[in-house]
Amino acid sequence: MKEQTYTVAAREALDEEMARDPRIFVMGEGIGKRGGNFNTTLGLYEKYGPLRLCDTPIAERGFIGLAVGAAMSGSIPVIDFMMVDFILDAMGEIINQMAKMQYMSSGRLRMPMVLRGCIGIGGAAATHHSGSYYSTFSNIPGLRVIVPTTPADVKGMFRTALRGNDPVIMLEHKNLLSNKGLVPEEDYTTPFGQARIARAGKHVTAVGVALTVQKCVQAAEVLAKQGIEVEVIDPRSTSPLDIATILQSVKKTGRLMIVDDAFEPCGFGAEVSAQVGAYGFDDLDAPIRRLSGAFAPTPYSPPLEQEIVPSVETITKALYDLVKE
Amino acid sequence: MEKDTGLLLYRNMLLIRMSEERLAQSRQAGLVHGACHTYVGEEAVATGVCAHLNQDDMVFSTHRGHGHALAKGVSPFEVMAELYGRETGCSHGRGGSMHLFKPEVGLMGTSGIVGPCILQAAGAGYTFKLLGKPNVAVAFFGDGASNNGAFHEGVNLAAIYKLPVLFVCENNLYATEVPASYSSGNPDIYQRAIGYGIPGVKVDGNDAWEMFLAAGEAVRRARAGEGPTLIEAKTYRTRAHSEGMRDVGYRTQEEVEAWKARDPIKMLRDRLLSDHTVDEDDIDNIHNDVTARVTDDHQRAADSPWPKGSDALSHVYFEGA
């Protein structure tokens, strides 16, 4: 094992896979010589050259549509999109083309491609640099949506994405990028659709997504001092979703709270809640609760911004209240 | 014109025309369950371009794509069976008129959305460049797509990366029913190439020989690493936008008749006969062959089995080689 930041672990996965497979290339704004706005490709241009580290104009629809054609024809594009908000211009290419191509070609075309970049509210980034949208993407058949939270997971899941045949959207919360963690030295992959138990507990289950996994663990540490043991589950991918691990946990705790930064209506929490309601009803000792981002665009000013996402404090209180229900 | 080339162009255009006329009849007979966008009147464009392509060159097409599929080597049987919703169709009944796929022969898909084929052809061009393959990619699209952002972004991307791509705009004067003269700041679409620093060529899209020559030069450039070309083929669809749709209120009967008089198949036939490249027997033989082929393919398509309902959920994700 070695200690790495999230960014370095992801970059190492990309570097190693590019060395292994000449079909992989990266497209994005400033990902060539500059090495990426978030250092996602630092040093790779010197190694692999301009054709494989391809700087683009600001034309997200254009280069994502181009990447769809590249995947259809036998290469493996990685789109380094910086902020997920930017690829909303390419929703038609993502939903109508990328996601549907394998189906419409009756499985004769494969779509190995990865769209990766940042999500999340924080740092006064305001509403065009703060989106999450994992719920939106998870509503679309044909897409894989992954939200790794640890350096080990981002490395293993990025590898899985680059070795697979399905289009993957890899969403990296910007407040996790500098987190450090232990990463195995060997060549390993981390499968999609297998949740991780971030902290074991027996009184209440908390399911987070991306940064809220970390916040739930912090809330669990606070509550542990009061004798409340929270089990925190990190689904790691929202599509496919490992509902079995969540159901198993609820069987033990009888209580479930889903915590995420994205919009609540028709969202990730609603999906988990519906499935647990359908398949784990008899295990529940209290109503399922959700704590989500506010149903509003993201404001800039720190006091406004803090107001619209679950904090460790609000999560702690909500979990405490749920245990007492 | 060489006899072989002339006869090949003639045969392929006729195959498209007779397949389309058969499909139009089939739609009236209730065999086609959804849309049916025919290529009648525009046959010279796909035929002239695809005559230069190998099987591993790739075509990305639009909603009016039957002609592109046939010209790229998909059989009339597979196209008809697809529109009839049968398991034997080129998309196994998943697509119909607007989603024809046969990657085995380089038909990478037709699309119900106007524009994305331009980007995808650029993407295939990127693959060819990245992997050092000698192939070319072709995007066929209409005048309507040329006013969509995908055109501007895709042509510019192909230009800056110098990709082996042909952008073939079939300007049939109407985006469904909206005139190109109304919807374009400059209705000469080929002139937009200047803005992206690539060659733009205007071609009489009803003249198969002229199409063949223009496409030949663009394919040569692409294979030589000289980058993309924009070809604007001025042409016309003489049937309705989609079979069964009202075809009045946006164009005059006089206009339709004037273009029918410039029928690309008749134009090539007259040329081949007048310069003694071929004789009437050659033409008659082709007519007999194509008639028999289309009749037989239609019958086999109509007799083909339906897909199994239980297959509806397969291939959403990769399921193994």
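None of the values given here were measured: they were computed from a predicted structure.

*Asks:* Explain the domain arrangement of chain A here, please?
*Replies:* By a widespread convention, an interface's size corresponds to the accessible area lost as its parts come together. All names here are of chain A. Segmenting chain A into domains produces domain 1 (2–183) and domain 2 (196–324). Centre-to-centre separation of domain 1 and domain 2, based on C-alpha positions: 26 Å. Facing 28 residues of domain 1, the contacting portion of domain 2 comprises 25 residues. Along the contact surface separating domain 1 from domain 2 lie two salt bridges. Summed over the shared surface of domain 1 and domain 2, the result is 16 residue pairs in polar contact (both at pLDDT 80 or more).

*Asks:* Which parts of the structure should I look at to understand the sheet that holds strand β1 (residues 58–60) of chain B?
*Replies:* As a general point, the strands of a sheet are linked pairwise by backbone hydrogen bonds and lie either parallel or antiparallel. All names here are of chain B. If you walk across this open sheet you meet the five strands as β1-β2-β3-β7-β6, and the pairing is parallel. Two strands in the sheet have a free side with no partner beyond their single neighbour: β1 and β6 (200–204). Averaged over all pairs of adjacent strands, the angle between strand axes in this sheet comes to 20°, irrespective of strand direction. Bridging between strand β3 (residues 165–171) and strand β7 (residues 229–234) involves six bridges; their strand directions are parallel. Across the sheet, the residue bridging to Asn171 is Lys234, located in β7.

*Asks:* Got a minute to help me understand the packing of helix α4 (residues 76–83) of chain B against helix α12 (residues 280–302) of chain B in this structure?
*Replies:* Angle between the axes and distance between the axes: these two values describe a pair of packed helices. All names here are of chain B. Direction vectors running N to C along α4 and α12 enclose 40°, while the axes themselves pass 8 Å from each other. By the angle between their axes, α4 is oblique relative to α12. The way α4 lies across α12 gives a crossing that is right-handed. Between α4 and α12, the residues in contact are Pro76, Phe77, Met80 and Ala81 and Arg293, Val294, Asp297, His298, Arg300 and Ala301, respectively. Here the residues of the contact of α4 with α12 sort into six nonpolar, one polar and three charged.

*Asks:* Could you clarify how one ought to interpret the sheet that holds strand β2 (residues 24–28) of chain A in this entry?
*Replies:* Residues and elements named next belong to chain A. Within the open sheet, the seven strands sit side by side as β3-β2-β4-β5-β7-β6-β12. Their pairing is mixed. Since the sheet does not close on itself, it has two edges, and those belong to β3 (53–55) and β12 (237–239), each with one partner. Along the sheet, successive strands turn relative to each other by an average axial angle of 20°, direction set aside. By the bridge criterion, three bridges tie strand β6 (residues 144–146) to strand β7 (residues 167–173) in an arrangement that is parallel. Each residue of the ladder has a partner; that of Ile146, found in β7, is Met170.

*Asks:* Quick question: what am I supposed to make of the layout of surface pockets here?
*Replies:* A probe as big as a water molecule, rolled over the atoms, marks out the empty space that is left. All names here are of chain A. Considering only enclosed or pocket space, the largest pocket measures out at about 330 Å³ in volume. Lining the largest pocket are 13 residues, and of these Ser138, Asn139, Thr238, Ser239 and Glu271 sit closest to its centre. Listed by contribution, the elements that provide at least two residues to the lining of the largest pocket are α6 (134–138), β12 and α10 (268–279). Split by residue class, the lining of the largest pocket holds five nonpolar, seven polar and one charged. Here the lining of the largest pocket spans two domains, since at least three of its residues come from each of domain 1 (2–183) and domain 2 (196–324).

*Asks:* Would you mind going over the pattern of salt bridges with me for this structure?
*Replies:* Oppositely charged side chains may form a pair once their charged atoms are brought near each other. Going through the model one piece at a time under the given rule, you end up with 42 salt bridges over all chains. A salt bridge links Arg220 of chain B to Glu217 of chain B; the shortest N-O distance between them is 3.0 Å. Highlighted residues: Arg220 of chain B and Glu217 of chain B, both in helix α9 (residues 208–223), separated by three residues, approximately one helical turn. By relative accessible area, which is 41% here, Arg220 of chain B ends up partly exposed. Overall, the relative accessible area of 39% leaves Glu217 of chain B in the partly exposed class. Each member of the salt-bridge network shares a partner with another, and the members are Lys2, Glu12, Glu16, Glu17, Arg20, Lys155, Arg159, Arg163 and Asp187 of chain A.

Conventions we followed
- Along each chain, residues carry numbers from 1 onward, in the same order as the chain's sequence is written.
- To read the labels, note that chains go from A and ligands from 1, taken in the order they are written.
- Only residues with pLDDT of at least 70 are given local features in this predicted model, and only at 80 or more are side-chain atom pairs given and counted; all residues enter the totals for whole chains, interfaces and linings.
- In computing side-chain properties, one takes all heavy atoms of the structure into account and sets aside hydrogens as well as water.
- Bear in mind that the domain bounds are from an automatic or database domain assignment.
- Any two residues having at least one pair of non-hydrogen atoms within 4.5 Å are treated as being in contact.
- Salt bridges, as used here, are contacts in which a Lys or Arg side-chain nitrogen is within 4 Å of a carboxyl oxygen on Asp or Glu.
- Any N or O atom pair separated by 3.5 Å or less is treated as a polar contact, with the protein-specific requirement of one donor-capable and one acceptor-capable atom, and with residues adjacent in sequence counted only for side-chain atom pairs.
- Pairing between two strands is assigned when DSSP locates at least 2 bridges connecting them.
- For helices the rule is a DSSP run of H or I covering at least 4 residues; for strands it is a run of E covering at least 2, with both sets numbered from the N terminus onward.
- Axis definition: a line fitted to C-alpha atoms, over the contacting stretch in the case of helices. Angles run 0 to 180 degrees between N-to-C directions.
- Should an angle lie under 35 degrees it is considered roughly parallel, over 145 roughly antiparallel, and from 65 to 115 roughly perpendicular; all remaining angles are considered oblique.
- Two helices that cross are described as forming a left-handed crossing if the nearer one is turned anticlockwise from the farther one by less than a right angle, and a right-handed crossing if clockwise.
- For this classification, the nonpolar set comprises Ala, Val, Leu, Ile, Met, Phe, Trp, Tyr, Cys and Pro, the charged set comprises Asp, Glu, Lys and Arg, and every other residue, Gly included, is treated as polar.
- Points on a 1 Å grid over protein atoms alone make up a cavity when a 1.4 Å probe fits among them but cannot get out, and a pocket when they form an open set with protein on both sides within 12 Å along at least five of seven lines; lining residues each have an atom within 4 Å of a point.
- Grid points are joined across faces, edges and corners, and a volume is the space filled by probe spheres set on the points.
- Only protein chains enter the calculation, and the probe is 1.4 Å; a residue is then buried if its accessible area is under 20% of its type maximum, exposed if over 50%, and partly exposed in between.

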